[in-house]
Amino acid sequence: MRLLHTSDWHLGRAFHRVSMLDAQAAFIGHLVATVGERDVDAVVVSGDVYDRAVPPLAAVELYDDALHRLADLGVPTVMISGNHDSARRLGVGAGLIGRAGIHLRTEPSRCGEPVVLPDTHGDVAFYGLPYLEPALVKGEFGVAKAGHEQVLAAAMERVRTDLAGRAPGRRSVVLAHAFVTGGAPSDSERDITVGGVAAVPSGVFDGVDYVALGHLHGSQVISERVRYSGSPLPYSFSEADHRKSMWLVDLDEEGAVAAERIDCPVPRPLARIRGDLDDLLADPDLTVHEESWVEATLTDEIRPDDPMAKLADRFPHTLSLLFEPRRTDSRPDATYAERLKGRDDHEIAEDFVTHVRGAGPDEEERAVLRAAFDTVRTDDVVREVAR
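All chains use their own residue numbering, which begins from 1 and follows the written sequence. The model is predicted, so local features are restricted to residues of pLDDT at least 70 and side-chain atom pairs to those at 80 or more, both for listing and for counting; the totals for chains, interfaces and linings are taken over all residues. Calculated side-chain values reflect all of the structure's heavy atoms, with hydrogen atoms and water omitted.

Colleague: Can you help me understand the packing of helix 5 (residues 134-141) against helix 6 (residues 148-164) in this one?
Modeller: Contact geometry for helix 5 and helix 6: axes closest at 10 Å, N-to-C directions at 40°. With respect to each other, helix 5 and helix 6 are oriented oblique. With respect to the hand of their crossing, helix 5 and helix 6 are arranged in left-handed fashion. Contacts between helix 5 and helix 6 involve Pro134, Val137, Lys138, Glu140 and Phe141 on the former and, on the latter, His148, Val151, Ala154, Ala155 and Arg158. For the contact of helix 5 with helix 6, a count of residues per class yields six nonpolar, one polar and three charged. Axis geometry follows a simple rule: fit a line to the C-alpha atoms, using only the stretch in contact for helices, then measure angles between N-to-C directions, giving values from 0 to 180 degrees. Numbering goes from the N terminus for both helices and strands, where a helix is a DSSP run of H or I of at least four residues and a strand is a run of E of at least two. Angles are sorted into four bins: roughly parallel if under 35 degrees, roughly antiparallel if over 145, roughly perpendicular if 65 to 115, and oblique for all others. By the definition used in this description, the sense in which the near helix is turned from the far one sets the handedness, with an anticlockwise turn below a right angle giving left-handed and a clockwise turn giving right-handed. Working rule for contacts: check all heavy atoms of both residues, and any pair within 4.5 Å makes them a contact. Following the grouping adopted for this structure description, the nonpolar residues are Ala, Val, Leu, Ile, Met, Phe, Trp, Tyr, Cys and Pro, the charged ones are Asp, Glu, Lys and Arg, and the polar ones are all others, Gly among them.

See the structure below:
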């Protein structure tokens, strides 16, 4: 069976205030063309179809167009909800849509109920594990601790139990939306940390033939059988070095995996340039970036006048302008932004405690801080889902 693995479409999302709808529509066209040209047997979409729980109308129309075009090909599609999606909204009409071969899996309670698709060697069972927010699903899975590893392990136990009741040798595919240990994040993914831990070990998924992951925006190979497709388009400048693609996966009669990357069309390359303004405007080596989307970091000791306009004369698609003045004898200390760079909210809170009282928090106080941040993040998720 030949699968096309994609995820993280984020329909409706902009890139630094630039609409990506045309680029997203071009990707959908590329996806549909690839399905036909490469004799794909099934499409798997591993979450974050939309960028937010209540997407704009144009994004919903593009999603509707994608479903119609995939259904017209007669190629089954299995799709799960991600942490940006409203699972309940995405799942509306799932039973009816399923009759057209578009199988939506958005309910945690159905993790152990596969979509079974046949090929010449028998059946392949597709298990859709939507994004599982630990605080919201711990009751469903009967786990004492609300952590990502615990709820995913419980969901996978249901998958293995169902597989054990099926014919020997039955091949299996799991779709999941999670941060798996070994994956490299980017700036455009929403934080899903719970209890100070965001990642789960890949061993949670042992026992299946292929795991089609979503959530991280870079295409990555965790193991031969566990892969991220990554997002088809860039959504932050941290993705400047990404090769945007999908996985074309062949699953043979024994469940062995062979995979090929299929490149996705991107509207413009990304470029991160750094230096004093006059140097950036004169450097001939930067000519290659004049039609790119540009993030410029200026290192001038004194902030130049009207730098954005001057940059735009040479780089008309400059979207982000940062200032990181180089340190000199007259400016030896790091800026506030430099001190915070790369630190998460919990680390910043601990630094604040240290600054105020002269000593950092102890383990009990760290646990209180973690619980507070987890509660705020979970409350945000609950409010968004309820909208």
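From this point, the discussion proceeds with the structure in view.
Colleague: Is there a simple way to explain the nonpolar core in this structure?
Modeller: Note on soluble globular proteins: their nonpolar side chains tend to be buried together. Among the buried residues, those of types Ala, Val, Leu, Ile, Met, Phe, Trp, Tyr and Cys that are joined through side-chain atoms within 4.5 Å form a nonpolar core. Remark: exposure states derive from per-residue accessible area (1.4 Å probe, protein chains only) relative to the maximum for the residue type, with buried under 20%, exposed over 50%, and partly exposed in between. Leu129, Phe141, Val174 and Phe205 are the most contacted members of the largest nonpolar core, which totals 32 residues. When residues of this core are traced back to their parent elements, those giving at least two are strand 8 (122-129), helix 5, helix 6, strand 9 (171-177), strand 10 (179-180), strand 12 (210-214) and strand 14 (226-228). Residue contributions to this core peak at seven residues, all from helix 6. Counting 29 residues, the second largest nonpolar core, distinct from the first, contains Leu4, Trp9, Ile28 and Met246.

Colleague: In this structure, what is going on with the pairing of strand 6 (residues 102-105)? I would like to understand it.
Modeller: Across a regular strand the side chains alternate sides, sitting on one face of the sheet and then on the other. Residue alternation in strand 6 divides its side chains into two sets, Ile102 and Leu104 and His103 and Arg105, and both sets are buried. A pair of strands is considered paired only if DSSP assigns at least 2 bridges between the two. Across four bridges, the pairing between strand 5 (residues 77-80) and strand 6 is parallel. Note on strand 6: the bridge partner recorded for isoleucine 80 is arginine 105.

Colleague: Is there a simple way to think about the side chain of glutamate 189 in this case?
Modeller: Topologically, glutamate 189 is positioned in the loop between strand 10 and strand 11 (199-200). Charged residues are defined here as Lys and Arg on the positive side and Asp and Glu on the negative side; His and the ends of the chain fall outside this count. Here a salt bridge means any side-chain nitrogen of Lys or Arg lying within 4 Å of a carboxyl oxygen belonging to Asp or Glu. For the buried glutamate 189, which has no salt bridge, the nearest side chain bearing the opposite charge is lysine 244, at an N-O separation of 7.3 Å. We call two N or O atoms a polar contact when they sit within 3.5 Å, provided that within protein one can donate a hydrogen and the other can accept it, with sequence-adjacent residues counted only if both atoms are side-chain atoms. Side-chain polar atoms of glutamate 189 contact the backbone nitrogen of serine 186, separated by 2.8 Å. Within the local environment of glutamate 189, its side chain forms a polar contact with the backbone nitrogen of histidine 217, the two atoms lying 2.7 Å apart. Once residues lying within four places of it in the same chain are set aside, the contact partners of glutamate 189 are His215, Leu216 and His217.

Colleague: What's the story with the packing of helix 1 (residues 21-37) against helix 2 (residues 57-73) in this structure? I'm lost.
Modeller: Each pair of packed helices can be summarised by the angle the axes make with each other and by the distance between the axes. For the pair helix 1 and helix 2, the least separation of the axes is 10 Å and the interaxial angle reads 10°. Between helix 1 and helix 2, the crossing angle belongs to the class labelled roughly parallel. Here Leu21, Gln24, Ala25, Ile28, Gly29, Val32 and Val35 of helix 1 come into contact with helix 2, specifically with Ala58, Ala59, Leu62, Ala66, Arg69, Leu70 and Leu73. Residue composition of the contact of helix 1 with helix 2, grouped by class: eleven nonpolar, two polar and one charged.

Colleague: Got a minute to help me understand unusual backbone geometry in this structure?
Modeller: Excluding glycine, a negative phi dihedral is what most residues carry, and trans is how most peptide bonds are arranged. Positioned with a positive phi, arginine 17 is a non-glycine residue whose angle comes to about 75°. Within the secondary structure, arginine 17 is located in the loop between strand 2 (14-15) and strand 3 (18-19). Using a relative accessible area of 73% as the deciding quantity, one classes arginine 17 as exposed.

Colleague: Would you take a moment to explain the packing of aromatic side chains for this structure?
Modeller: Both the distance between ring centres and the angle between the ring planes are used here to describe each pair of aromatic rings. Working definition: a ring pair exists when centres of Phe, Tyr or Trp rings (six-membered ring for Trp) sit within 6.5 Å. Plane angles under 30 degrees give stacked, over 60 give edge-to-face, the rest tilted. The full count for this structure, using the stated rule, is four aromatic pairs. Ring centres 5.1 Å apart and planes at 50° place the aromatic pair phenylalanine 15 and phenylalanine 237 in the tilted group. Linking phenylalanine 15 in strand 2 with phenylalanine 237 in the loop between strand 14 and strand 15 (245-251), this pair joins segments that are 222 residues apart in sequence. Phenylalanine 237 carries the same exposure label as phenylalanine 15, and that label is buried. On the basis of an interplanar angle of 55° and a centroid distance of 5.3 Å, the ring pair of tyrosine 50 and tyrosine 63 is categorised as tilted. Of this pair, tyrosine 50 sits in the loop between strand 4 (42-46) and helix 2 while tyrosine 63 sits in helix 2, and the two are 13 residues apart along the sequence. In terms of burial, tyrosine 50 and tyrosine 63 fall into one category: buried. Following the ring pairs from residue to residue traces out a cluster consisting of Phe15, Phe237 and Trp293. Here the basic side chain of arginine 227 rests over the ring of tryptophan 247, its NZ or CZ set 4.4 Å away from the ring centre. Our definition puts a charge over a ring when NZ of Lys or CZ of Arg is within 6 Å of the ring centre and also within 35 degrees of the ring normal.

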